[in-house]
Amino acid sequence: MLINIHTHNPEKQDNQQIIYNLIIPETDEALETFPDETIPNSWLSVGIHPWYINENKQKLQLEKLRQLAKNQDIKLIGECGLDRLKGASLPLQEEIFIKQIRIAEEVKKPIIIHCVKCFNELISIKKIVRPKVPMIIHGFNNNLTTAQILLDKGFYLSLGSAILQENSNAAQILSQIPHEKLFLETDDKDVSISELYEKASFILKIPLNKLEDIIFANYIEICT
Ligand SMILES: [Zn+2]
């Protein structure tokens, strides 16, 4: 079973299990009917993405998340987090992120994190809020020093299509990530999760079925 911990594409093959991501919308209209898309028969994550925080609707957005978070198909809270390059102001992003961490704590579900150029802020929020639920940084493609700091602080790292490029940070650091902290994901990229498992098993020099077992066990450990 190939676990794809974060994707925006509902399609999957028989030997795959996706965690399909739902983004809480910003407008009254969309919030009322959300989730209105035909939800695929799969596991889900749901959260307020830092790009789509509506300052005037944040209460409704959080209320919607709080309602959905209890649903048993929702396996993770997020993607949520911090983005220095896009979205709401950083102080507002931090406030909404902290509130989502608290919701995740209430329902005891792990958090899938979007973090762009805000790792220091992320680390200080973790230090202040001290969540007990696991935190996975999705689409990680940063250098080894940053990876090691984050691993030291207890974060899990999920790597995506960047590992297909040999010179990427993600490909370079993959073998330094402890197996029990590793996930793979397709996110919004046009790649298949099996391609990523094959590449990762090649880089890690471990058989594909062993890598499958490792990541499946990580999933079971933190999401069930
Ligand atoms: Zn995403």
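Below: a short report on this structure. All of these numbers come straight from a predicted model, not from anything done at the bench.

## Some remarks on the environment of Trp51
Here Trp51 shows up in the loop between β3 (43–47) and α2 (58–69). A relative accessible area of 29% places Trp51 in the partly exposed class. Trp51 sits 42 residues away from Gln93 along the chain, and the two C-alpha atoms are 8.8 Å apart. In this structure, Trp51 is in contact with Asp83, Lys86, Gly87 and His114, ignoring residues within four places of it in sequence. A distance of 2.8 Å separates a polar atom in the side chain of Trp51 from a polar atom in the side chain of Asp83.

## Description of the state of the cysteines
Under the criterion given, the structure shown has 0 disulfides. Free of any disulfide, Cys115 has its nearest neighbouring cysteine sulfur in Cys118, separated by 5.4 Å. Using a relative accessible area of 12% as the deciding quantity, one classes Cys115 as buried.

## Focus on the pattern of salt bridges
This model, assessed by the stated rule, comprises 7 salt bridges. One salt bridge connects Lys99 with Glu95, and the closest N-O pair in it is separated by 3.2 Å. Here Lys99 pairs with Glu95, and both are found in helix α3 (residues 90–107), just 4 residues apart, close to one helical turn. Note that Lys199 is salt-bridged to Glu166, the shortest N-O span being 3.6 Å. With Lys199 in helix α7 (residues 193–204) and Glu166 in the loop between β7 (156–159) and α6 (169–173), this pair connects stretches of sequence that are 33 residues apart. Taken together, the shared-partner salt bridges connect Glu63, Arg66 and Glu106 into one network.

## A short note on unusual backbone geometry
Here Phe34 and Pro35 are connected by a cis peptide whose omega angle stands at -5 degrees. Tracing the chain through its elements places Pro35 in the loop between α1 (28–33) and β3. The omega torsion of the bond from Gly78 to Glu79 falls at 5 degrees, within 30 degrees of zero and hence cis. Tracing the chain through its elements places Glu79 in strand β4 (residues 74–83). Despite not being glycine, Asp187 shows a phi value in the positive range, around 55 degrees. When you line up the elements, Asp187 lands in the loop between β8 (182–184) and α7. Even without being a glycine, Lys205 presents a positive backbone phi close to 55 degrees.

## Here's the deal with the coordination of the zinc ion
Around the zinc ion, the protein contributes the donor atoms His6 (NE2), His8 (NE2), Glu79 (OE) and Asp187 (OD), which lie 2.1 to 2.2 Å from the metal centre. In this structure, the zinc ion is surrounded by 4 donor atoms whose angles at the metal cover 85 to 175 degrees, and the resulting shape is irregular. Each donor residue of the zinc ion lies on one chain, and together they are spaced H-x1-H-x70-E-x107-D. Here Glu79 lies in strand β4 and His6 lies in strand β1 (residues 2–7), a separation of 73 residues in the sequence. Judged by relative accessible area, which is 2%, Glu79 ranks as buried.

## Looking at the side chain of Ser158
Residue position: Ser158 is located in strand β7. For Ser158, the residues in contact, after removing those within four places along its chain, are Ile5, Ile136, Ile137, His138, Gly139, Phe140, Phe183, Leu184 and Glu185.

## Quick look at the packing of aromatic side chains
By the definition in use, this model includes 4 aromatic pairs. Plain terms: the ring middles of Trp43 and Tyr219 are 4.9 Å apart, the flat faces sit at 5 degrees to each other, and that makes the pair stacked. Of the two residues, Trp43 is situated in strand β3 and Tyr219 in helix α8 (residues 208–223); the sequence distance between them amounts to 176 residues. According to the relative accessible area criterion, Trp43 is partly exposed, its value standing at 26%. Consider the rings of Trp51 and Tyr52, whose centres lie 6.1 Å apart with planes at 70 degrees: the pair is edge-to-face.

## Focus: the packing of α2 against α3
Taken N-terminus to C-terminus, the directions of α2 and α3 make an angle of 20 degrees; their axes are 10 Å apart at the nearest point. With respect to their mutual orientation, α2 and α3 come out roughly parallel. Along this stretch, α2 crosses α3, giving a crossing that reads as right-handed. Mapping the contact onto sequence places Gln58, Leu62, Leu65, Arg66 and Ala69 in α2 and Leu92, Glu95, Ile96, Lys99, Gln100, Ile103, Glu106 and Val107 in α3. Considered class by class, the residues forming the contact of α2 with α3 number 7 nonpolar, 2 polar and 4 charged.

Criteria and cut-off values
- Residues numbered from 1 in each chain as written.
- Predicted model: local features only at pLDDT ≥ 70, side-chain atom pairs only at ≥ 80, totals over all residues.
- Heavy atoms only, no water.
- Helix = DSSP H or I, 4+ residues; strand = E, 2+ residues; numbered from the N terminus.
- Buried < 20%, exposed > 50% of the residue type's maximum accessible area, 1.4 Å probe, protein only.
- Contact = heavy atoms within 4.5 Å.
- Polar contact = N/O pair within 3.5 Å; in protein donor to acceptor, adjacent residues only side chain to side chain.
- Disulfide = S-S within 2.5 Å.
- Salt bridge = Lys/Arg side-chain N within 4 Å of Asp/Glu carboxyl O.
- Donors = N, O, S within 2.8 Å, 3.2 Å for Na, K, Ca; no water.
- Tetrahedral: all angles 85-135°; square planar, octahedral: opposite > 155°, others 65-115°.
- Phe/Tyr/Trp six-rings, centres within 6.5 Å; stacked < 30°, edge-to-face > 60°.
- Axes fitted to C-alpha atoms, helices over the stretch in contact; angles between N-to-C directions.
- Parallel < 35°, antiparallel > 145°, perpendicular 65-115°, else oblique.
- Left-handed = near helix turned anticlockwise from the far one by under 90°.
- Nonpolar A, V, L, I, M, F, W, Y, C, P; charged D, E, K, R; others polar.

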